[in-house]
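Working through the structure, step by step
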Amino acid sequence: MDPLRRSPSPCSSSRPSSPSTPPCEMLGPVGIEAVLDQLKIKAMKMGFEFNIMVVGQSGLGKSTMVNTLFKSKVWKSNPPGLGVPTPQTLQLHSVTHVIEEKGVKLKLTVTDTPGFGDQINNDKCWDPILGYINEQYERYLQEEILITRQRHIPDTRVHCCVYFVPPTGHCLRPLDIEFLQRLCQTVNVVPVIARADSLTMEEREAFRRRIQQNLRTHCIDIYPQKCFDEDINDKILNSKLRDRIPFAVVGADREHLVDGRCVLGRKTKWGIIEVENMAHCEFPLLRDLLIRSHLQDLKDITHNVHYENYRVIRLNESHLLPRGPGWVNLAPASPGQLTSPRPFKVCRGAHDDSEDEF
């Protein structure tokens, strides 16, 4: 045997490594699992950001729902009967709070849209909302293309829009359909049936099925999108959620005593509607979707899909502009560009198959 020839190592292979290649057998611990601890420590130091927008007519309980969702006084709601005048035009108001739970800090920004759908003529009432969403993409893009940019770019992009459907019991209104068709191309949309306690269980279920039929008929792709289910576990979980969307929700920020325990709910003449009781409403499903199971996925799709669509369109426009000191000289977007619909969408990642296009 040639002394210069070494026996082949069990870890070496002439083939390039691929996902199908079996893992190398380790002879002892080397500390790879500590990477998770490093990521956790770094994330705990930086904290998290989450930006949510609530859209719907006045009186549907948007402010109360946000307070219930995060169990905090995130938004001050106006008590009924104070004679607060209805805004003549749609206005957008944003508030930012830092919420901390067990050492985890969340920078939460909530954007409300008072005046939406409250006018006699609601023609193009969605333009300020779409303009605001695209304006946040533009701010992020202008920071990103700088030669010398910040280590951490402030993220004001809207990660999720919760759309409140009035509990009419019939179907989606033309205003809802027209707006949702535009909105789903720009941001993750989660529709909910507001004030679901005004409907019986049978009326609620029939209303849900009609809304689902409207969404399919008009090609409105709400979150979670089927084309982004990455594995079988995602498909199973998201299929259950898609079957229940729009969630029938009830908001309440007051506690009541029921059978010796304090519960969040609304007190009526015939009893107490418990917000966190699945037999009364589907608020727990909405909370789990937005916070406990899909918060990071909402942020990932916002960055990799919706923002990437905006970025591609804007950078494709840059060849018409004169070249400057940097390799990209991109002028700020005009108001018309911020409200114009997107002509196409890109895939979530470069490694996705063609069938995963969005």
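Quantities reported herein were computed from a predicted structural model and do not represent experimental measurements.

A word on the overall build of the chain. From N to C terminus, the chain includes nine helices and nine strands. Out of the 358 residues belonging to the chain, those deemed buried represent 42%. At a minimum sequence separation of 6, the contacts of the chain that also span at least 24 residues come to 70%. Looking at the chain as shown, the accessible area adds up to about 21,300 Å², and 55% of this sits on carbon and sulfur atoms.

Attention now goes to the pattern of salt bridges. Scanning the entire structure with this criterion turns up 19 salt bridges. Taking the shortest distance from any N to any O, the salt bridge between Arg-209 and Glu-205 comes out at 3.1 Å. In this pair, Arg-209 and Glu-205 both sit in helix α5 (residues 201-217), four residues apart, roughly one turn of the helix. For Arg-209, a relative accessible area of 34% gives the class partly exposed. In the salt-bridge network here, residues are joined through shared partners; they are Glu-205, Arg-208, Arg-209, Asp-243, Arg-244 and Glu-282.

Below, the discussion takes up the sheet that holds strand β7 (residues 255-258). Here three strands make up an open sheet; going across it, the order is β7-β8-β9 and the pairing antiparallel. Of all strands in the sheet, those bounded by a partner on one side alone are β7 and β9 (271-274). Sheet twist, expressed as the average angle between the axes of neighbouring strands with direction ignored, equals 70°. Alignment of β7 against strand β8 (residues 261-268), held across four bridges, turns out to be antiparallel. Note on β8: the bridge partner recorded for Glu-255 is Leu-264.

Together, Met-26, Val-30, Ile-32, Val-35, Leu-36 and Leu-39 line one region of the surface with nonpolar side chains, adding up to about 630 Å² of accessible area. Within the secondary structure layout, Val-35 lies in helix α1 (residues 34-46).

Let us now look at α5. End to end, α5 covers 24 Å across 17 residues, agreeing with the expected 24 Å (1.5 Å per residue, within 8%). Buried within α5 we find Arg-204, Phe-207, Arg-208, Ile-211, Gln-212, Asn-214 and Leu-215. All buried residues of α5 project into a common sector of 160° when viewed along the axis, lining one side. Seen from the buried face of α5, the exposed residues on the opposite side, beyond 90 degrees, are Glu-202 and Arg-216. Buried residues in α5 make contact with β4 (160-165), α4 (174-183), β5 (189-193), α6 (232-244) and β6 (247-248). Directly beyond the C-terminal end of α5, a positive phi value near 55° is found at Cys-219.

What follows concerns unusual backbone geometry. In this chain, Tyr-223 is followed by Pro-224 through a cis amide linkage whose omega measures 0°. Tracing the sequence through the fold places Pro-224 in the loop between α5 and α6. Backbone torsion omega between Ile-245 and Pro-246 reads 5°, so that peptide bond is classified as cis. If you trace the backbone, Pro-246 turns up in the loop between α6 and β6.

The next point concerns the sheet that holds β6. Across the sheet, which stays open at both edges, the six strands sit in the order β2-β3-β1-β4-β5-β6 with mixed pairing between neighbours. Each edge of the open sheet is held by one strand with a lone partner, namely β2 (93-101) and β6. Sheet topology places strand β1 (residues 48-55) next to strand β3 (residues 104-112); seven bridges connect them, and they run parallel. Bridge pairing in β3 links Asn-51 to Thr-109. Taken strand by strand, helix α3 (residues 127-144) contacts β1, β2 and β3, and its axis lies near 170° from that of β1.

We now examine the pairing of β5. Most of β5 is tucked away: five of the five residues are buried. The alternating pattern of β5 places Val-189, Pro-191 and Ile-193 and Val-190 and Val-192 on opposite faces, both of which are buried. The β-α-β motif built from β4, the intervening α4 and the parallel element β5 has right-handed crossover chirality. By the bridge criterion, two bridges tie β5 to β6 in an arrangement that is parallel. Bridge pairing links Ile-193 to Ala-248 in β6.

On average, residues of the chain carry a pLDDT of 82, and 79% of them reach 70 or more. Below pLDDT 50 for its whole length, residues 350-358 participates in 13 contacts with residues either more than four positions away or in separate chains.

Across all of its chains, the model carries six aromatic pairs by this definition. Between Tyr-137 and Tyr-310, the ring centres sit 5.8 Å apart and the planes meet at 45°, which makes this aromatic pair tilted. Taken together, the positions of Tyr-137 in helix α3 and Tyr-310 in helix α8 (residues 295-317) put the pair 173 residues apart, joining distant regions of the chain. Ring centres 5.6 Å apart and planes at 40° place the aromatic pair Tyr-163 and Phe-179 in the tilted group. In this pair, Tyr-163 sits in strand β4 while Phe-179 sits in helix α4, placing the two residues 16 residues apart along the sequence. Residue class for Tyr-163 comes out buried when judged on its relative accessible area of 0%. When its relative accessible area of 0% is taken as the criterion, Phe-179 is described as buried. Through a chain of ring-to-ring contacts, the aromatic side chains of Tyr-137, Tyr-140, Tyr-307 and Tyr-310 assemble into a single cluster. Above the plane of the ring of Tyr-140 lies Arg-157, whose end atom (NZ or CZ) is 3.8 Å from the centre.

About the criteria used
- Residues numbered from 1 in each chain as written.
- Predicted model: local features only at pLDDT ≥ 70, side-chain atom pairs only at ≥ 80, totals over all residues.
- Heavy atoms only, no water.
- Helix = DSSP H or I, 4+ residues; strand = E, 2+ residues; numbered from the N terminus.
- Buried < 20%, exposed > 50% of the residue type's maximum accessible area, 1.4 Å probe, protein only.
- Contact = heavy atoms within 4.5 Å.
- Areas by Shrake-Rupley, 256 points an atom, 1.4 Å probe, with all protein chains shown as cover.
- Salt bridge = Lys/Arg side-chain N within 4 Å of Asp/Glu carboxyl O.
- Pairing = 2+ DSSP bridges.
- Axes fitted to C-alpha atoms, helices over the stretch in contact; angles between N-to-C directions.
- Patch = residues over 30% accessible without salt bridge, like charges linked within 9 Å, V, L, I, M, F, W, Y side chains within 5 Å.
- Expected span 1.5 Å × (residues − 1).
- Arc of directions from axis to C-beta.
- Right-handed = clockwise from strand over helix to strand, strands pointing away.
- pLDDT = per-residue confidence, 0-100.
- Phe/Tyr/Trp six-rings, centres within 6.5 Å; stacked < 30°, edge-to-face > 60°.
- Lys NZ or Arg CZ within 6 Å of the ring centre and 35° of its normal.

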